[in-house]
Amino acid sequence: MGHDIDDQIFDQNETLPRKELGKLQLERLRKIVDYAKERVPFFREKLAGIDGDDLKSLDDLRKLPFTTKQDLRDGYPYGFLAIPKNEIARIHGSSGTTGKLTFVPYSHNDMRNWTNVVSRFLVAGGLRPGHLVQISFGYGLFTGGFGLHYGIENVGGAVVPAASGNTERQLSILRDLKPDAIVCTPSYALTIGEAIKAHNIPREELGLKYGFFGGEPWTDEMRTRIEDDLGIFATDNYGLSEVIGPGAAGECKYRKGQHFSEDHFLVECLDPETLEPVPEGQKGELVITTLTKEGMPVIRYRTRDISSLSYEPCPCGRTGVRMTRVTGRSDDMLVIRGVNVYPTQIEEALLRVREAAPHYMIDVDRPGTLDVATVRVEILPEMFSASMRDMVGLRDKISAAINSVTGIRMEIELVAPKTLERFQGKAKRVTDRRPKAE
Ligand code: DLL
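A few points on the structure. (Residues numbered from 1 in each chain as written. Predicted model: local features only at pLDDT ≥ 70, side-chain atom pairs only at ≥ 80, totals over all residues. Heavy atoms only, no water.)

Along the protein chain, the regular secondary structure elements total 11 helices and 21 strands. Its C-alpha radius of gyration of 22 Å places the protein chain within 12% of the 22 Å reference for a compact globule of 438 residues. Taken along its principal axes, the extent of the C-alpha atoms in the protein chain is 75 × 55 × 40 Å. Out of the 438 residues belonging to the protein chain, those deemed buried represent 56%. Of the roughly 19,000 Å² of accessible surface on the protein chain, a fraction of 50% belongs to carbon and sulfur atoms. Positive and negative charge centroids in the protein chain, built from 58 and 63 side chains respectively, lie 1 Å apart. (Helix = DSSP H or I, 4+ residues; strand = E, 2+ residues; numbered from the N terminus. Rg over C-alpha atoms; globule rule 2.2 N^0.38 Å. Buried < 20%, exposed > 50% of the residue type's maximum accessible area, 1.4 Å probe, protein only. Areas by Shrake-Rupley, 256 points an atom, 1.4 Å probe, with all protein chains shown as cover. Lys, Arg positive; Asp, Glu negative; His and termini not counted. Charge placed at Lys NZ, Arg CZ, Asp CG, Glu CD.)

Now for the packing of aromatic side chains. As enumerated under the stated definition, the model contains nine aromatic pairs in all. On the numbers, 4.9 Å between centres and 50 degrees between planes, the contact of Phe 42 with Phe 80 is tilted. Here Phe 42, found in helix α2 (residues 41–46), pairs with Phe 80, found in the loop between α3 (69–74) and β1 (88–94); they are 38 residues apart in sequence, far enough to count as distant. Across the pair, exposure class does not vary: Phe 42 and Phe 80 are buried alike. Ring geometry for Phe 43 and Phe 80: centres 5.7 Å apart, planes at 80 degrees, overall edge-to-face. Linking Phe 43 in helix α2 with Phe 80 in the loop between α3 and β1, this pair joins segments that are 37 residues apart in sequence. (Phe/Tyr/Trp six-rings, centres within 6.5 Å; stacked < 30°, edge-to-face > 60°.)

Roughly 430 Å³ of internal volume is contained in the second largest pocket. Forming the boundary of the second largest pocket are 21 residues, of which Asp 59, Val 267, Glu 268, Pro 277 and Tyr 311 lie nearest the centre. For the lining of the second largest pocket, the secondary structure elements donating two or more residues are α1 (18–39) and β10 (265–270). By residue number, the principal contributor to the lining of the second largest pocket is β10, which donates five residues. (1 Å grid on protein atoms, 1.4 Å probe; cavity = no way out; pocket = protein on both sides within 12 Å on 5 of 7 lines; lining within 4 Å. Points joined across faces, edges and corners; volume = space filled by probe spheres on them.)

A separate point is the site of the ligand. Lining the immediate surroundings of the ligand are 21 residues, of which Asp 236, Asn 237, Ser 241, Asp 305 and Lys 426 lie closest. Contact distances for the ligand include 2.6 Å between an oxygen atom and a side-chain N or O atom of Asp 305. At a separation of 2.9 Å, an oxygen atom of the ligand approaches a polar side-chain atom of Arg 329. In isolation the ligand offers 600 Å² of accessible surface; the protein chains occlude 94% of this area. Of all elements in the fold, only α5 (143–155), β7 (233–240) and β8 (245–251) reach the threshold of two or more residues within the shell around the ligand. Counting residues per element, the shell around the ligand draws most heavily on β7, which supplies five residues. For the shell around the ligand, the residue count by class is seven nonpolar, nine polar and five charged. (Near = heavy atom within 4 Å. Polar contact = N/O pair within 3.5 Å; in protein donor to acceptor, adjacent residues only side chain to side chain. Nonpolar A, V, L, I, M, F, W, Y, C, P; charged D, E, K, R; others polar.)

Quick look at the pattern of salt bridges now. Going through the model one piece at a time under the given rule, you end up with 31 salt bridges. Among the salt bridges present, the one from Arg 18 reaches Glu 262, with a minimum N-O distance of 2.7 Å. Pair noted here: Arg 18 is in helix α1 and Glu 262 is in the loop between β9 (258–260) and β10, with a separation of 244 residues, a long-range link. For Glu 276, the salt bridge goes to Arg 62, with nearest N and O atoms at 2.8 Å. In this pair, Glu 276 is assigned in the loop between β10 and β11 (284–290) and Arg 62 in the loop between α2 and α3, connecting sequence segments 214 residues apart. By relative accessible area, which is 45% here, Arg 62 ends up partly exposed. (Salt bridge = Lys/Arg side-chain N within 4 Å of Asp/Glu carboxyl O.)

For the rest of this paragraph, the subject is the environment of Leu 101. The residue Leu 101 is located in the loop between β1 and β2 (102–107) in this model. A residue is classified by how much of its surface remains accessible, and Leu 101, at 26% relative accessible area, is partly exposed. As a C-alpha pair, Leu 101 and Pro 77 span 24 residues in sequence and 8.8 Å in three-dimensional space. Residues contacting Leu 101, with those up to four places away along its chain left out, are Tyr 76, Gly 93, Ser 94, Ser 95 and Leu 141. (Contact = heavy atoms within 4.5 Å.)

A few words on the sheet that holds β11. Pairing is antiparallel across the open sheet formed by four strands, whose spatial order is β10-β11-β12-β15. Each having just a single partner strand, β10 and β15 (328–329) make up the two edges of the open sheet. Taken together, the two bridges between strand β12 (residues 301–307) and β15 define a ladder with antiparallel strand orientation. Bridge pairing in β15 places Ile 306 opposite Gly 328. (Pairing = 2+ DSSP bridges.)

Looking at where Gln 258 falls in the secondary structure, it is placed in strand β9. Under the relative-accessibility criterion, Gln 258 is labelled buried at 3%. At 3.0 Å, the side chain of Gln 258 and the side chain of Asp 236 are in polar contact. One polar contact links the side chain of Gln 258 to the main-chain amide nitrogen of Tyr 238, over a distance of 3.0 Å. For Gln 258, the residues in contact, after removing those within four places along its chain, are Asp 236, Asn 237, Tyr 238, Ala 249, Gly 250, Glu 251, Val 321, Arg 322, Met 323 and Arg 325.

Here it is as structure tokens:
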């Protein structure tokens, strides 16, 4: 399906030769540093002694201090607002994984730029004028629904703002309106795929062609499953509210990483411990500087997202650096008996075992001195009446698959089909009951 997509490019900035891009970035970086200093007390203090003009090359970015989620929280509610209140066009918010809300104000220009960067990945992944798109993301403070909505309309597509939840109604919309594309989190796509199967709806009856998924980590194995279930070509897109929302980066049809919109977002990949750049292709934390944001600029924002960058040219002609799939947030990483494990690794392992459903939960305990990780996995309905021996065999198979991906043994608990929670937005799969370190 991806081969059918012609090589349309939405915005010529996507193909700027890297030298020119670098010039544009430096020019914008200088401006945003002065702008942020002038308008936001936090940056005035943090950037004391550095002016835009002091930045002679992009490497000088490393002289600038970081901004963290905690800094944004400390500035709640309006501490990072860089425009007069009556110039705000929209406010979104993010509660993050820990629950405390931060607000993100946009200027009218920010809204235009946001719409533009979302349009880029939509076109890159197959959206064309005239397509009908079902948006099954939440609409609200979450940036997913509104962000994609404006982008789709800007490309010339039409939107069914289904919002997330009420899976039965999602199916009616899919079946009756026959949208060309669907937008949601990968875990909700899995839930919808499961409902389609449960109703025995043939994929061909749906007419879906494309899926644009983002908002949470997922694996290539999960992509294959979703594509099979829905009969689509699926692309990944990345972003975070503090920076803009969806649109920071997205895949093209070659799906060899997500192209960053580097004319708007300057991205670094740093070792989270030393905060020094990691070599190209190696994993590190993405750190993003907004180059054009007016409402709430951020400088060297520590995303906590672990990925790697590739500057290799891409056959699509886009020159924006590509990030690999986010393995997970550094704060989602579990350290189990000293080994680092991401929930996506469990997903990858489970999707290799045909008889297991990709629905799982991870519980971590420390009953004595050692960590015990238990993965609860649903079996497929057709396995439900299998013999004890088959069940034991399946448990061993899952355990071996997890061991080969993560390098550690986990307890496997098989549970009946459709008993684990289904997600409509971002999945929450980990319960860590270990005592917190002091
Ligand atoms: O999730 C923005 C978004 C919405 C992106 C819809 C794409 C589609 P937040 O709610 O602030 O914003 O959450 C941001 O979600 O730091 C990542 O940890 C994670 N995330 C977002 N997209 C991806 C992705 C939106 N494609 C946080 N792959 C980020 C992996 C993702 N993780």
